[in-house]
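# Structural overview
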Amino acid sequence: MITLVIADDHPLFRSALSGALRAEMQGIVIVESHDLDSTLQCLNSINDLDLLLLDLNMPGSGELYGLIRIRKDFPEVPVAVISGSEDSVMVAKVIDAGALGFIPKTSEPSTYVQAIHDILAGDIWLPEDLKLKVANQPKPDLSMQNRVAELTPQQYKVLCYLHEGLLNKQIAYELSISEATVKAHITAIFRKLEINNRTQAVLIASDLKLQMMAITN
């Protein structure tokens, strides 16, 4: 019996993919999540999860942030990225960040099934037309994405609020903490990201397409 999570913010896509996989794979157990927060909750609660099918662009994920965060917090969980984009540069980053496969959302159900079986067998799965393109990509620099993934959930929220242009007192109000605590978080953010000012923090959040998430722990 295979247990997997489909993490995608489009309910119609989740429903269609779940139905197709259940029709193709007898006894499969499928859990659905709709953003990074709910996905992390699923990973915390499910024992013996076989595979996570992860959409890069769901709320809270911020392009590669969600993938890298999951790989750091749950290194034992195999992850395959599902996406509507087949950009070879992004696919190379996805694989370098620890994903074991990349499956275009437009793939036929049989392709999903083959990809799942190959990944569970220990292989890295890519569409045939992307393998050479990805292999020819230079090794991506994911150092900043990895630094962001080291932030605590509260520090991540402060970074997102900085990106939104909020002042320290506004951030304190939004998070129900003191301005002194906000300043401490900002100092920690600067240290972890190896930067010196708010402008640099905002540029990083913009470049990485970081989004607010609802994690409170």
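Structure: see above.
Residues numbered from 1 in each chain as written. Predicted model: local features only at pLDDT ≥ 70, side-chain atom pairs only at ≥ 80, totals over all residues. Heavy atoms only, no water.

### Quick word on the pattern of salt bridges
- The final tally for this structure, using the stated rule, is eight salt bridges.
- Its salt-bridge partner being K72, residue E150 comes within 3.0 Å of it at the nearest N-O pair. One end of the pair, E150, is in the loop between α7 (143-149) and α8 (153-163); the other, K72, is in helix α3 (residues 65-73), and 78 residues separate them in sequence.
- Take E150: its relative accessible area is 45%, and that puts it in the partly exposed class.
- The residue E194 makes a salt bridge to R147 at a minimum N-O spacing of 3.5 Å. Of the two residues, E194 is situated in the loop between α10 (179-193) and α11 (198-207) and R147 in helix α7; the sequence distance between them amounts to 47 residues.
- The class of E194 is exposed, set by a relative accessible area of 60%.
- Given the relative accessible area of 25%, R147 is considered partly exposed. (Salt bridge = Lys/Arg side-chain N within 4 Å of Asp/Glu carboxyl O. Helix = DSSP H or I, 4+ residues; strand = E, 2+ residues; numbered from the N terminus. Buried < 20%, exposed > 50% of the residue type's maximum accessible area, 1.4 Å probe, protein only.)

### Observations regarding the side chain of S83
- For S83, the location among the structural elements is in strand β4 (residues 79-83).
- Once you skip the residues sitting within four places of it in the chain, S83 turns out to touch F102, I103, P104 and K105. (Contact = heavy atoms within 4.5 Å.)

### Digging into the sheet that holds strand β3 (residues 51-55)
- Read from one edge of the open sheet, five strands run β2-β1-β3-β4-β5, paired in parallel fashion. The open sheet has two free edges, formed respectively by β2 (29-33) and β5 (101-104), since each of these has just one partner strand. This sheet shows a mean twist of 20° between the axes of neighbouring strands, independent of strand direction.
- Summarising the sheet, β3 and β4 pair through four bridges and their orientation is parallel. Looking at β4, one finds that L54 is bridged to V81.
- Along the sheet face, helix α1 (residues 11-24) touches β1 (3-7), β2, β3 and β4 and points at about 175° away from the line of β2.
- Helix α5 (residues 109-120) rests against β1, β3, β4 and β5 of the sheet, and its axis sits at about 175° to β5. (Pairing = 2+ DSSP bridges. Axes fitted to C-alpha atoms, helices over the stretch in contact; angles between N-to-C directions.)

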